[in-house]
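Reading the structure
So the chains spell out like this:
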Amino acid sequence: MPHQITIPPAKVLIVDDQDSKRLGLGAALHPLGYEIVMAASGREALRYLLTNEVAVILLDVRMPELDGFETAALIRSRRQSETTPIIFVTAFTNAESDTLTGYTHGAVDFIFSPIQPEILRAKVQVFVDLYRHAHLARAQERRLRELEGEQARRELHKLSSALEQSADPVIITDAQGHIEYVNAAFSANIGHSAAELSGRPLASLQPAADGAADLQTLWCQVRAGQVQRAEVTYHRPDGQPYHQATTITPLTDDAGTVTHFIITGHDVSERKRMEAEMQALNASLEARVRERTAQLQEVNEEIEAYAYSISHDLRTPLRHIMSFADLLARSMGDALPGKARDYLSRIQGSAQRMSELIDRLLDFARTGRHQLTPQDIDLGTLINEVISDYLRDPTAPTITWEVGPMPTVTADLISLRELLGNLISNAVKYSRNAEGGPRIRVQAELIGGYHHVSITDNGVGFDMAYSHKLFTVFQRLHTYDHFEGHGVGLAHVKRIIVRHGGTVEARSAEGQGATFTFTLPAMPSAPYPQSEAHWVEQA
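Thresholds, definitions, all that
Residues numbered from 1 in each chain as written. Predicted model: local features only at pLDDT ≥ 70, side-chain atom pairs only at ≥ 80, totals over all residues. Heavy atoms only, no water. Buried < 20%, exposed > 50% of the residue type's maximum accessible area, 1.4 Å probe, protein only. Helix = DSSP H or I, 4+ residues; strand = E, 2+ residues; numbered from the N terminus. Axes fitted to C-alpha atoms, helices over the stretch in contact; angles between N-to-C directions. Parallel < 35°, antiparallel > 145°, perpendicular 65-115°, else oblique. Left-handed = near helix turned anticlockwise from the far one by under 90°. Contact = heavy atoms within 4.5 Å. Nonpolar A, V, L, I, M, F, W, Y, C, P; charged D, E, K, R; others polar. Pairing = 2+ DSSP bridges.

**Notes on helix H13 (residues 489-499)**
- Listing the buried residues of H13 in full gives Gly 489, Leu 490, Ala 491, His 492, Val 493, Ile 496 and Ile 497.
- Just past H13, the residue Gly 501 takes up positive phi, approximately 80°.

**Structural notes on the packing of helix H2 (residues 42-51) against helix H3 (residues 68-77)**
- Look at H2 against H3: their axes get within 10 Å of each other, and the N-to-C directions meet at 15°. If you check the angle between H2 and H3, you find them roughly parallel. In the crossing of H2 with H3, the sense of the turn from one axis to the other is right-handed. Here Gly 42, Leu 46 and Leu 49 of H2 lie close against H3, whose contacting residues are Thr 71, Leu 74 and Ile 75.
- Its residues assigned to classes, the contact of H2 with H3 shows 4 nonpolar, 2 polar and no charged.

**Some words on the side chain of Asp 60**
- With respect to the element layout, Asp 60 can be found in strand E3 (residues 56-60).
- Classification of Asp 60 by relative accessible area gives buried; the value is 4%.

**Brief notes about the sheet that holds E3**
- Pairing is parallel in the open sheet, where 5 strands are placed in the order E2-E1-E3-E4-E5. The open sheet has two free edges, formed respectively by strand E2 (35-39) and strand E5 (109-113), since each of these has just one partner strand. Strand-to-strand, the axes of this sheet are offset by a mean angle of 20°, without reference to chain direction.
- In the sheet, strand E1 (residues 11-15) pairs with E3 via 4 bridges, with the strands oriented parallel. Among the inter-strand pairings, Val 15 is bridged to a residue of E3, identified as Leu 59.
- Its contacts with the sheet put helix H1 (residues 19-29) on E1, E2, E3 and strand E4 (86-91), and the angle it makes with E2 is roughly 170°.
- Contacts from H2 reach E1, E2 and E3 within the one sheet, and its direction differs from that of E1 by about 155°.

Function-wise, these values are silent; they only describe arrangement.
Encoded structure:
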């Protein structure tokens, strides 16, 4: 329901020492329905006005002791009645002198005897209406202030509840950093009640060792009026850290002076704990990787040393076999029966292959022991050098070469030349029986920070089901009778590439040639030449 505004009833105070005149004035005003209060003297009127409020005063000018002018002066001197309208009642014969004196003492109007009731009622009615309007305005003003106060209290309660019930911590400090308010979330996180924290320096909750210099810099910037964000560590009573992602906002007065700071944020203790666990786990993993790498390196070195030793140890009996077989062939070759000569030939051939296999095994062992010397290498020039060996060889088949634009790479020159020699010689070997002769294509492209170099031939290819055996020592997908070899070359290629931080893979289908692709890390500024691929056909 709307609030009802109550206006007190209007009172008219009639002050006259003559009863007949008081009664006459009261009778004239009776039709208006106002409450009429009568006083027989100025002193009686003053006593009444001490505790009562009236809408208008009808005051006789001629009275004994205190006349009307003196009474009016005293009424005007009092704060509670200084604005009450006074209408002087005087005889018409004294009108001019009384009027001047009356206005001097605060009169607002005059009524002249003999009284005309209509005029009297009209004048009184005007001041009563003003009285009621003034009371109504004051009542409405009071009600407006009450409503504004209620609204302000509701808004303040809402803000206070929002701060108190916020799931995120909120702190308010004075300009010196002493805590004036903390909400329930911060109290719960820090392990102190609001009463325990009130008045304490906020800095007392932060350990001196935890980024003290950074905190000093932070607060200097905040005191200069800048909003700052940081991760701050507090300590709970049990010594456990509490981490908070914090925003510190300075509050200023109208003059721009910082009066308070409001600190908001959210608890990141769990994230910090997980980060610490992750760092510890990473450190543990890195230590285990280093330990495992060292163990593997030690095992590899032992295996390489063992292979190197075995290869050397095999050379002596093999050299004896080859020497005595050659001696037997020279001394008794023609005298031997045909079957014996065949056996002798097989012994010599097998011994020769064994010698070559030992050489390749030694090369493979040396690959792991060879100290890499990275340098910038023009890959196109190196490939052309390998190709030139075939161009100068009169026994080599007719080969068609396609070499695309090549980058400059960073690698060990000896190892990279051996790698290219192995891959290109394989491509030539397995495509020598292809229709139209071997056709070898070498291409390169930059993908994801790595140079991808591919060597494609038109040879016999292989079944991809056995591709996992390609880069393993002594594993061959074609027999020695069809294609010579020892099953070490591709294992050698893989070891070289892995030591350079790259990868190698093969794609093929039987009868459709093969593509071997290796990768090398690219230099940040290693542009590809813009020249097109060129063809070289061996005569």
